[in-house]
Amino acid sequence: MKRLVIIALALVLVAGIGIGTASAANSLEQGNISIGVGMGDSYFNHSNEFVSGDIMNLSARYLITKDLAIVGGFGFEVGGGDIDSTYFSFTGGVRKYLSTADFAPFVGGQLTYAAYEEENNLGVTTVDQSLIDLSAMFGAEYFVGPKFSLEGSVGIGFGQFNDDVNVNSDRTVFGTRSVGVKANFYF
């Protein structure tokens, strides 16, 4: 079901490209704040079929100027049953809008800390992973109304992956980090 929602939101965003920028004003103004809810890939390949790879993310954005924003957010997921699991991430960064029209492409950078842990039914930790990642983000926001937008983005990053359970599995990683779709409300 989550994937269906992501696909539907992505189609709405792509359809907005053809509409142009002749619609109503948007909320990309200095001093505005937005709250966003979205789904995106986690940074880990979960070994457990009961834990999804799609993580619900909550984010906030403060526009320092009309085209420059400070962003922050976090993601979480808790799984139960035979294997208990927890996922948590915290992100902070900056975003530069290339256009402040209703279709607003952007670039940005973000620093993320993410952690994932699994325990079996005996209480033994079987997975204990963490990642510190620096990513470049590319994407676009489309304003469906003056205070509401849909957003799609992708990140390419460089990070340090640590695994506290498996010996000699710590490594430096590079590649696609985050693909997501969000709905944003401005006030």
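For the structure itself, consult the block above.
Scoring rules and cut-offs
Residues numbered from 1 in each chain as written. Predicted model: local features only at pLDDT ≥ 70, side-chain atom pairs only at ≥ 80, totals over all residues. Heavy atoms only, no water. Patch = residues over 30% accessible without salt bridge, like charges linked within 9 Å, V, L, I, M, F, W, Y side chains within 5 Å. Areas by Shrake-Rupley, 256 points an atom, 1.4 Å probe, with all protein chains shown as cover. Salt bridge = Lys/Arg side-chain N within 4 Å of Asp/Glu carboxyl O. Helix = DSSP H or I, 4+ residues; strand = E, 2+ residues; numbered from the N terminus. Buried < 20%, exposed > 50% of the residue type's maximum accessible area, 1.4 Å probe, protein only. Polar contact = N/O pair within 3.5 Å; in protein donor to acceptor, adjacent residues only side chain to side chain. Contact = heavy atoms within 4.5 Å. Phe/Tyr/Trp six-rings, centres within 6.5 Å; stacked < 30°, edge-to-face > 60°.

Asker: Talk me through a nonpolar patch on the surface; I want residue IDs and the actual numbers.
Answerer: A cluster of nonpolar side chains, contributed by Val37, Met56, Leu58, Phe74, Phe76, Phe88, Phe90, Leu111, Tyr113, Ile132 and Leu134, occupies part of the molecular surface with about 1000 Å² of accessible area. For the nonpolar patch, the secondary-structure elements that each account for two or more residues are strand E2 (54-65), strand E3 (68-79), strand E4 (84-97), strand E5 (103-119) and strand E6 (125-145). The residue Leu58 is located in strand E2 in this model.

Asker: Quick one: what's the story with the pattern of salt bridges, residue by residue and with numbers?
Answerer: Applying the stated criterion across every chain, the model contains six salt bridges. Its salt-bridge partner being Lys66, residue Glu29 comes within 3.6 Å of it at the nearest N-O pair. In this pair, Glu29 is assigned in the loop between helix H1 (2-17) and strand E1 (33-41) and Lys66 in the loop between E2 and E3, connecting sequence segments 37 residues apart. When its relative accessible area of 38% is taken as the criterion, Lys66 is described as partly exposed. Notably, a salt bridge pairs Lys96 with Asp67, separated by 2.4 Å at the nearest N-O pair. One end of the pair, Lys96, is in strand E4; the other, Asp67, is in the loop between E2 and E3, with 29 residues separating them in the sequence. Residue Lys96 is classed as partly exposed on the basis of its relative accessible area of 34%. Asp67 gets classed as partly exposed once you look at its relative accessible area, which sits at 24%. What you see here is one network of salt bridges that share partners, running through Arg61, Arg95, Glu141 and Glu151.

Asker: Before we move on, can you summarise the side chain of Ser149 with the specific residues and values?
Answerer: Relative to the helices and strands, Ser149 resides in strand E7 (residues 148-163). Only 2.6 Å separates the side chain of Ser149 from the side chain of Glu141, close enough to count as a polar contact. Residues contacting Ser149, with those up to four places away along its chain left out, are Glu141, Tyr142, Phe143, Val144, Lys182, Ala183, Asn184 and Tyr186.

Asker: Explain the packing of aromatic side chains residue by residue, including any values.
Answerer: Aromatic rings considered in pairs are described by the distance between their centres and by the relative angle of their planes. Across all of its chains, the model carries four aromatic pairs by this definition. With 6.0 Å between their ring centres and 20° between their planes, Phe74 and Phe76 make a pair best called stacked. Consider the rings of Tyr97 and Phe106, whose centres lie 6.0 Å apart with planes at 70°: the pair is edge-to-face. In terms of burial, Tyr97 and Phe106 fall into one category: buried.

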